[in-house]
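# Analysis of the macromolecular model
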Amino acid sequence: MTDTIVLEHLPFETDAGISSRARLGLIALASDYTVEHEFQLILRHLPGVALHVARIPNSPHITPESLAAMEAHLTGTAETLLPGDTLDTIAYGCTSASMVIGPERVAELVQAAKPGTPVVNPISSALLTFDALGIQRVGVLTPYTADVNAGIQRFIEAAGYTVPAFASFNEPSDTVVAAITPDSLRSAVHKLADCTPVDGIFVSCTSIRLLEQIESLEDELAMPVTSSNHALIWQTLRQAGVHDPLADFGRLFRSAELGIEVARTPKDLGSNLTAKPASNE
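Residues numbered from 1 in each chain as written. Predicted model: local features only at pLDDT ≥ 70, side-chain atom pairs only at ≥ 80, totals over all residues. Heavy atoms only, no water.

### Section: the environment of Leu87
Here is the rule we go by: A run of H or I in DSSP counts as a helix once it spans at least four residues, and a run of E counts as a strand once it spans at least two, with each numbered from the N terminus. Only protein chains enter the accessibility calculation, which uses a 1.4 Å probe; a residue whose area is less than 20% of its type maximum is buried, one above 50% is exposed, and one in between is partly exposed. When checking whether two residues touch, look at their non-hydrogen atoms; a contact exists if any pair is within 4.5 Å.
Tracing the chain through its elements places Leu87 in the loop between helix H3 (74–79) and strand E3 (89–93). Residue classification places Leu87 among the buried residues on the basis of a relative accessible area of 7%. A sequence separation of 37 residues divides Leu87 from Ala50, and the C-alpha atoms of the two residues are 9.9 Å apart. Discounting chain neighbours no more than four positions away, the residues touching Leu87 are Arg23, Leu24, Gly25, His52, Leu81, Leu82, Lys114 and Thr117.

### Considerations on the packing of helix H6 (residues 122–133) against helix H11 (residues 228–239)
This is how the line gets drawn: Under this scheme, a helix contributes an axis fitted over its contacting stretch, all axes are lines through C-alpha atoms, and angles between N-to-C directions fall in the 0 to 180 degree range. Oblique is the label for any angle not under 35 degrees, not over 145, and not in the 65 to 115 range, which are roughly parallel, roughly antiparallel and roughly perpendicular in turn. Gly is placed with the polar residues, together with every amino acid not listed as nonpolar (Ala, Val, Leu, Ile, Met, Phe, Trp, Tyr, Cys and Pro) or charged (Asp, Glu, Lys and Arg).
The geometry of H6 relative to H11 is characterised by a closest axis approach of 8 Å and an angle of 85 degrees between their N-to-C directions. As summarised for this structure, H6 and H11 are arranged roughly perpendicular, according to the angle between their axes. Mapping the contact onto sequence places Pro122, Ser124, Ser125, Ala126, Leu128, Thr129 and Ala132 in H6 and Ser228, Ala231, Leu232, Trp234 and Gln235 in H11. In terms of residue class, the contact of H6 with H11 is built from 7 nonpolar, 5 polar and no charged.

### Re the sheet that holds strand E4 (residues 119–120)
For the record, the criterion: Whether two strands pair depends on DSSP finding at least two bridges between them.
On the basis of which strands lie adjacent, the open sheet formed by 4 strands has the order E2-E1-E3-E4 and parallel pairing. Two strands lie at the open edges of the sheet, namely strand E2 (49–56) and E4, each paired on one side alone. Sheet analysis places strand E1 (residues 22–29) next to E2, joined by 8 bridges and oriented parallel. Pairing of Ala22 across the sheet is with Val49, part of E2.

### Describing a nonpolar patch on the surface
Basically, it comes down to this: In this scheme, patches are assembled from residues that exceed 30% relative accessible area and form no salt bridge. Like charges are connected within 9 Å, while nonpolar side chains (Val, Leu, Ile, Met, Phe, Trp, Tyr) are connected within 5 Å. The Shrake-Rupley method, run with a 1.4 Å probe, gives the accessible areas here. Residue values count only the displayed protein chains as cover. The rule for a salt bridge is simple: a side-chain nitrogen of Lys or Arg has to be within 4 Å of a carboxyl oxygen of Asp or Glu.
On the surface, a cluster of nonpolar side chains totalling about 380 Å² of accessible area is made up of Ile5, Leu7 and Leu10. Along the chain, Ile5 falls in the segment before E1. On the accessibility criterion, Ile5 (75% relative accessible area) is exposed.

### Here we look at helix H10 (residues 214–221)
Keep this limit in mind: What the arc describes is the spread of directions from the helix axis to the C-beta atoms.
By the burial criterion, the buried members of H10 are Ile214, Glu215, Leu217, Glu218 and Leu221. Around the axis of H10, the buried residues are gathered within 165 degrees of arc, so they sit on the same side. Turning to H10, the residues buried within the fold contact helix H9 (182–195), strand E7 (200–203), strand E8 (225–227), H11 and helix H12 (251–254). Downstream of H10 by one or two residues, Ala222 has phi in the positive range, about 55 degrees.

### A few points about the side chain of Ser227
Among the secondary structure elements, Ser227 is positioned in strand E8. In contact with Ser227, other than residues within four places in its own chain, are Phe202, Val203, Leu210 and Ile214.

### A short note on the confidence of the model for the protein
How we decide: Residue-level confidence of the predictor is summarised by pLDDT, bounded by 0 at the bottom and 100 at the top.
Residues of the protein with pLDDT of at least 70 account for 91%, and the chain-wide mean is 91. Below pLDDT 50 for its whole length, residues 262–281 participates in 41 contacts with residues either more than four positions away or in separate chains.

### Some words on unusual backbone geometry
The residue His9 is not glycine, and still its phi comes out positive at about 55 degrees. As for its placement among the helices and strands, His9 is situated in the segment before E1. His9 sits in the exposed class, given a relative accessible area of 81%. Its identity is not glycine, yet Asp248 carries a phi of approximately 80 degrees, on the positive side. For Asp248, the location among the structural elements is in the loop between H11 and H12. Look at Asp248 and you get exposed, because its relative accessible area is 53%.

Here you go:
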């Protein structure tokens, strides 16, 4: 038998690892195919900014009730994000659940696991985006069914914006929504923009694949376009102190100076606007 030389307690040095600039957390839905992918489309241009993802249990069938059920899992899911370590920002990747549960409650539950960590969500990020891009009259496109759509519209209007046009695919399955083609999305956005004057377009749902089309849609429509992931990624980065201007992702990312008050709390961004599910009457 050959003797083995064993080397132990070797000296080593440490550095900031892959997160030398910022360490981002993302709570993604178990049923979401898209949000993590779209984060990485932007983060590949930002060396030193790292994304760490946890998946929250949810039903792929989106209803007000299934969205509200995620409230019970938020703290436990957040605990699995780099246990014992810190993050610069945590993003909760569900637009409609943020609306149903309420932005302030989402932040409270996530911070129960990660005290002091800023928490962002897509619906509040969308409101910030409207302000930054000068959108008051917003055209809204969603994949949701009517009961979820009613809450989204009420939430946006309660925050002080006008919704002159609202369009939907009326598809309850996250799995199907993630497979909606880019051409279908482009066609729907054009129909929405053509039906009445608006200042900009918001496409809601983190399962929607729109990030790579936003630049060309803005050129075609001559107005700003944003989506749940587009707005969420932008605010997550800004909250973490990453302000790099980036080409090819629309007006929102072109300027490092585009106005955003990242210090605003979830309460400022709609905690009192939690929408109640529409009745079936």
